[in-house]
Amino acid sequence: PRRVRLQFSEPVEAPLAAVALVDGAGRRTALAAAADPRDVNAVVAAVDAPLAPGAYRVVWRAVSADGHAVGGSYV
């Protein structure tokens, strides 16, 4: 993929968001998270380098407009 896009149910503070990819060996690659210019409820993170074949986990953290921090991950 060229980017990861996270969609939330409420507006998020994009400058406080963090997104990373973790490969099967546990190597973590931080991605630069930014506001989606078309949706205040979304964060996008570019994947700048080609990824090796395999499964990856997306690990994320975000802060809503009311200051509530949330985080999670998915494969």
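What you see is a predicted model, and the numbers here were worked out from it, not measured in a lab.

A.B. asks: How do you make sense of the pairing of strand E7 (residues 69-74) when you look at a structure like this?
C.D. replies: Put simply, side chains in a regular strand alternate between the two faces of the sheet. Summarising the sheet, strand E6 (residues 56-63) and E7 pair through six bridges and their orientation is antiparallel. From the neighbouring strand, Val59 faces E7, where its bridge partner is Ser73. Hairpin geometry of E6 and E7 is characterised by an intervening segment of five residues between the two adjacent antiparallel strands and by a positive phi of about 95° at Gly67.

A.B. asks: What am I meant to see in the side chain of Asn41 here?
C.D. replies: When you line up the elements, Asn41 lands in strand E5 (residues 39-46). Overall, Asn41 belongs to the buried group, its relative accessible area being 17%. For Asn41, the residues in contact, after removing those within four places along its chain, are Leu6, Gln7, Phe8, Ser9, Glu10, Pro11 and Val12.

A.B. asks: For this particular structure, what's the right way to read the pairing of strand E3 (residues 28-31)?
C.D. replies: Sheet analysis places strand E2 (residues 18-23) next to E3, joined by four bridges and oriented antiparallel. Its bridge partner being in E3, Leu21 is matched across the sheet by Thr29. Joining the antiparallel neighbours E2 and E3 is a turn of four residues, in which Gly26 adopts a positive phi near 90°.

A.B. asks: What is the right way to read the nonpolar core from this model?
C.D. replies: Side chains that are nonpolar tend, in soluble globular proteins, to be buried together. Within the largest apolar cluster, 15 residues are counted, with the highest numbers of intra-cluster contacts made by Val4, Leu6, Phe8, Val19, Leu21 and Leu31. Taken together, the elements giving at least two residues each to this core come down to strand E1 (3-7), E2, E5 and E6. Considering each element in turn, this core owes the most residues, four residues, to E6. Excluding anything up to four places from it in sequence, Phe8 contacts Asn41, Val43, Trp60 and Ala62.

A.B. asks: Please explain the layout of surface pockets as it appears in this structure.
C.D. replies: Rolled over the atoms, a probe as big as a water molecule pinpoints where empty space is left. Looking at the largest pocket, its volume works out to about 200 Å³. Leu21, Thr29, Leu31, Ala49 and Leu51 are the residues nearest the centre of the largest pocket, which is lined by 15 residues in total. Only E2 and E3 provide two or more residues apiece to the lining of the largest pocket. The element that contributes the greatest number of residues to the lining of the largest pocket is E3, accounting for three residues. Broken down by class, the residue content of the lining of the largest pocket amounts to 11 nonpolar, one polar and three charged.

Rules used throughout
Residues numbered from 1 in each chain as written. Predicted model: local features only at pLDDT ≥ 70, side-chain atom pairs only at ≥ 80, totals over all residues. Heavy atoms only, no water. Pairing = 2+ DSSP bridges. Helix = DSSP H or I, 4+ residues; strand = E, 2+ residues; numbered from the N terminus. Buried < 20%, exposed > 50% of the residue type's maximum accessible area, 1.4 Å probe, protein only. Contact = heavy atoms within 4.5 Å. Core = buried A, V, L, I, M, F, W, Y, C linked by side-chain atoms within 4.5 Å. 1 Å grid on protein atoms, 1.4 Å probe; cavity = no way out; pocket = protein on both sides within 12 Å on 5 of 7 lines; lining within 4 Å. Points joined across faces, edges and corners; volume = space filled by probe spheres on them. Nonpolar A, V, L, I, M, F, W, Y, C, P; charged D, E, K, R; others polar.

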